[in-house]
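Residue-level structural notes
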Amino acid sequence: MKIYFHGEEFRPEPWLAALQQALDAAGLRADVAVWQPGAPPGDYAMVWAPPQRMLDEQTRLKALFNLGAGVDAITRLRIPPGVQLVRLDDAGMSAQMAEYVLHALVRHFREFDAYEADTRQGRWSFRRPRLRQDCPVGILGLGVLGQRVARAVQGLDFPVRGWSRSPKSVEELQIAGLQCYAGEAQLPAFLAASKVLVCLLPLTTETQGILNRDTVSQLMPGGYLINVARGAHLVEEDLIPLIDSGHLAGATLDVFRQEPLPAGHPFWTHPKITVTPHTAARTLRDESVAQIAGKIARLERGEGIAGIVDPVKGY
Ligand code: NDP
Ligand code: OXD
């Protein structure tokens, strides 16, 4: 069996070694190599943002494993018919995502930036405590990551709402108190019932630009935006006017239309916007390799696997 690796953001050697070891442990004989243009046909590939040329050449892959949860860098390419695209299914990302969102939420809700500014000036001053019931948190996307974040937010007793494509129930998700909304028709009610908005949607033609002047202004006044999904979910030009008008209290953004965020972009310096460099949930090598090797073993045995991307839905 031949398995290729491609990922410009990753140093390949440790990935190749870890995959080889995991496959050996699973009793699978495989030749694992970095993909080069013109390479002979492979059986599987693990990739992050592959070039179109790789997909044009590797038409016999049984599966193309994406080294991330979001597959938008691949779904915009031409994928050879018959090649299954498989995304990472948590693989250590949901706990990181919950940490990130809780950090942003608590920092905003408890006004820690203002406390820090005060104490740096030697000021011992208190702010009036805010009430959790006045700060419902709405999560766009109730998938692997959205559910984990909803559970974590609910664990701090914030009211939690979630929005997905298909209807879900509290019983199904087992997240006490979660109010579930689904589909475009229920988006306005979801937004009107949320003050902090967390975006954890995949980027598809339907979700691109979903964070815009019209939708974000439907949040409760004084709302707060946390975008941890993809930069193209947000219409960037709409954000600063929403903050400067006072409708939004601020935003924490991990993802941007152009990454790295270009020098001179107004988000870098806006006092109410926190920027992080697409780091909310990193791809973890050991967890990812273990998951992919396990899926290759299952596919080789003719068994089903989780995380196959639906080409029609795009996630
Ligand atoms: P999932 O595929 O598990 O979940 C996606 C969720 O979005 C589902 O609940 C789905 O609804 C919902 N959804 C999709 N399209 C629509 C739509 N048109 N309308 C309403 N709901 C919709 O994805 P993950 O939770 O694993 O990941 C989510 C995203 O997080 C990734 O696609 C990626 O872009 C981003 N991400 C960001 C990282 C970072 O470091 N910043 C790291 C990892 C991921 P339904 O349940 O009905 O299908
Ligand atoms: C992902 C990401 O999609 O890192 O996994 O953004």
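All of these numbers come straight from a predicted model, not from anything done at the bench. (Residues numbered from 1 in each chain as written. Chains lettered and ligands numbered in written order. Predicted model: local features only at pLDDT ≥ 70, side-chain atom pairs only at ≥ 80, totals over all residues. Heavy atoms only, no water.)

1. Observations regarding the site of ligand 2
Every residue lining ligand 2 is accounted for by Trp48, Gly68, Ala69, Gly70, Met93, Arg230, His278 and Ala281. In this structure, His278 approaches ligand 2 through a side-chain N or O atom, which is 2.6 Å from an oxygen atom. The fraction of the free accessible surface of ligand 2 (210 Å²) that becomes covered by protein chains is 86%. Here the residues of the shell around ligand 2 are counted per class, giving four nonpolar, three polar and one charged. (Near = heavy atom within 4 Å. Polar contact = N/O pair within 3.5 Å; in protein donor to acceptor, adjacent residues only side chain to side chain. Areas by Shrake-Rupley, 256 points an atom, 1.4 Å probe, with all protein chains shown as cover. Nonpolar A, V, L, I, M, F, W, Y, C, P; charged D, E, K, R; others polar.)

2. Concerning the pairing of strand S10 (residues 223-227)
Of all five residues making up S10, five are buried, and the element is well covered by its neighbours. The two faces of S10 match: Gly223, Leu225 and Asn227 on one face and Tyr224 and Ile226 on the other face are all buried. Direction of pairing for strand S9 (residues 196-199) relative to S10: parallel, over a ladder of four bridges. Bridged to Leu197 within S10 is Leu225. Pairing between S10 and strand S11 (residues 248-253): five bridges, direction parallel. Directly across from Leu225, in S11, lies its bridge partner Ala251. (Buried < 20%, exposed > 50% of the residue type's maximum accessible area, 1.4 Å probe, protein only. Helix = DSSP H or I, 4+ residues; strand = E, 2+ residues; numbered from the N terminus. Pairing = 2+ DSSP bridges.)

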